[in-house]
Amino acid sequence: MNAFPATTDLCDANEALFDSGELRVLAPGLLSFGARERFCGSARTIKLFEDNSLLAQAVKEPGDGQVLVVDAGGSRRCAVLGGNLARSAADNGWAGVIIDGAVRDVDEIDGCAIGVRATAVTPRRSIKRGEGQRDLVVAVCGAIVRPGDWIYADRDGVIVSARKLHG
């Protein structure tokens, strides 16, 4: 499932797309969780800050092999994804979740058939006020991500493309 060339090979084969901005790389250093080390799919986006209400709602919807990209403002004060939400995302067919922010319950996340990347881990949970926005352009780990962009993640990193780069 989700077979695609390595991110390094995709970058090498599409180097001209960097100049146009159609191909972007998320900043190095993302932590990797979940049973899928490699995943790809079209992006759905969420912007939130220390309130995971919209993320909790999104992972309960059919993911259809998409990747949820979350601009959590880089907060490390509380986790916006934990084991229960990761399990919901996997059960509902999301290929992966990328969070510019923190997760928790990493042992539980690692048991889920999903790929997760995040900037931090913390034991504190988020609040729920019902705030945030969905399906808008977000800035995550130094890269712009638009709904519908293609996300490719493996052990070498995460790339974002304006178009699908594999068969």
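Criteria and thresholds
- Residues numbered from 1 in each chain as written.
- Predicted model: local features only at pLDDT ≥ 70, side-chain atom pairs only at ≥ 80, totals over all residues.
- Heavy atoms only, no water.
- Salt bridge = Lys/Arg side-chain N within 4 Å of Asp/Glu carboxyl O.
- Helix = DSSP H or I, 4+ residues; strand = E, 2+ residues; numbered from the N terminus.
- Buried < 20%, exposed > 50% of the residue type's maximum accessible area, 1.4 Å probe, protein only.
- Phe/Tyr/Trp six-rings, centres within 6.5 Å; stacked < 30°, edge-to-face > 60°.

As for the pattern of salt bridges
- Applying the stated criterion across every chain yields a total of ten salt bridges.
- We note a salt bridge from Arg77 to Glu50, for which the minimum N-O separation is 2.6 Å. Placement of Arg77 in the loop between strand S4 (67–71) and strand S5 (79–81) and of Glu50 in the loop between strand S3 (39–47) and helix H3 (53–58) is noted, with a sequence separation of 27 residues between them.
- What makes Arg77 exposed here is its relative accessible area of 53%.
- The shortest N-O distance in the salt bridge between Glu131 and Arg129 comes to 3.3 Å.

Brief notes about the packing of aromatic side chains
- Per the counting criterion, the structure on display carries two aromatic pairs.
- Ring centres of Phe4 and Tyr152 lie 5.3 Å apart, and the angle between their planes is 65°; this geometry places the pair in the edge-to-face category. Highlighted residues: Phe4 in the segment before helix H1 (7–13) and Tyr152 in strand S11 (residues 150–154), separated in sequence by 148 residues. Neither residue differs from the other here; Phe4 and Tyr152 are each classed as buried.
- Through successive ring pairs, a cluster of aromatic residues spans Phe4, Trp150 and Tyr152.

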